[in-house]
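Commentary on secondary and tertiary structure
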Amino acid sequence: QVQPVESGGGWVQPGGSLRLSCAVSGLGFGFRPMAWFRQAPEKQRELLADITSAGTTNYQPSVKGRFTISRDNTKNMVYLQMVNLQPSDTATYYCNEVAASPLGFWGPGTQVTVSS
């Protein structure tokens, strides 16, 4: 099990950009597929993008072309570059293993607010 801590959120205007970072502690980070999730108020947490240990990525249609997930296995870091943000992207963003249990360890998340 890994222990992630997210950072980099904030307030941006529509069309703006943010880069989220996730510092991950725990054994075997480099071998674990990782993902970014988000949860908007009164909605379920959803997986946005994932990345394998080798760097292969997948995206949900709602963020494909706007969000880019990456990782640095030498630093135990996962990143999410977000461009052309829209109000519908407002949520708390989390990173975790792809297979993380909803009842497992989750970091504090980082809040992203997109409004004019």
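For the structure given in this document, a descriptive report is provided here. Since this is a predicted model, take the numbers as computed values, not measurements. (Residues numbered from 1 in each chain as written. Predicted model: local features only at pLDDT ≥ 70, side-chain atom pairs only at ≥ 80, totals over all residues. Heavy atoms only, no water.)

For the rest of this paragraph, the subject is the packing of aromatic side chains. Within the structure shown, the criterion is met by two aromatic pairs. Geometrically, the ring pair formed by Phe37 and Trp106 is edge-to-face, given 5.0 Å between the ring centres and 80° between the ring planes. Here Phe37, found in strand S4 (residues 34–39), pairs with Trp106, found in the loop between strand S9 (91–97) and strand S10 (110–114); they are 69 residues apart in sequence, far enough to count as distant. Given a relative accessible area of 8%, Phe37 falls into the buried group. Taking 6.0 Å as the distance between ring centres and 90° as the angle between the ring planes, the aromatic pair formed by Tyr94 and Trp106 counts as edge-to-face. You can see Tyr94 sitting in strand S9 and its partner Trp106 sitting in the loop between S9 and S10, a full 12 residues away along the chain. (Phe/Tyr/Trp six-rings, centres within 6.5 Å; stacked < 30°, edge-to-face > 60°. Helix = DSSP H or I, 4+ residues; strand = E, 2+ residues; numbered from the N terminus. Buried < 20%, exposed > 50% of the residue type's maximum accessible area, 1.4 Å probe, protein only.)

This brings us to the state of the cysteines. As used in these notes, a disulfide is a covalent bond between sulfur atoms, one from each of two cysteines. Taken as a whole and assessed by the stated rule, the structure comprises one disulfide. Across the disulfide from Cys22 sits Cys95; the S-S distance is 1.6 Å. Here Cys95 lies in strand S9 and Cys22 lies in strand S3 (residues 18–25), a separation of 73 residues in the sequence. With respect to class, Cys22 is no different from Cys95; both count as buried. (Disulfide = S-S within 2.5 Å.)

Right, let's talk about the sheet that holds strand S8 (residues 77–82) for a bit. Strand order in the open sheet formed by four strands is S1-S3-S8-S7, with antiparallel pairing between adjacent strands. At either margin of the open sheet sits one strand with a lone partner, and together these are strand S1 (3–7) and strand S7 (67–72). Direction aside, the axes of adjacent strands within the sheet are offset by 20° on average. In terms of strand pairing, S3 meets S8 through six bridges, oriented antiparallel. Considered in S8, the bridge of Leu18 is made with Met82. (Pairing = 2+ DSSP bridges. Axes fitted to C-alpha atoms, helices over the stretch in contact; angles between N-to-C directions.)

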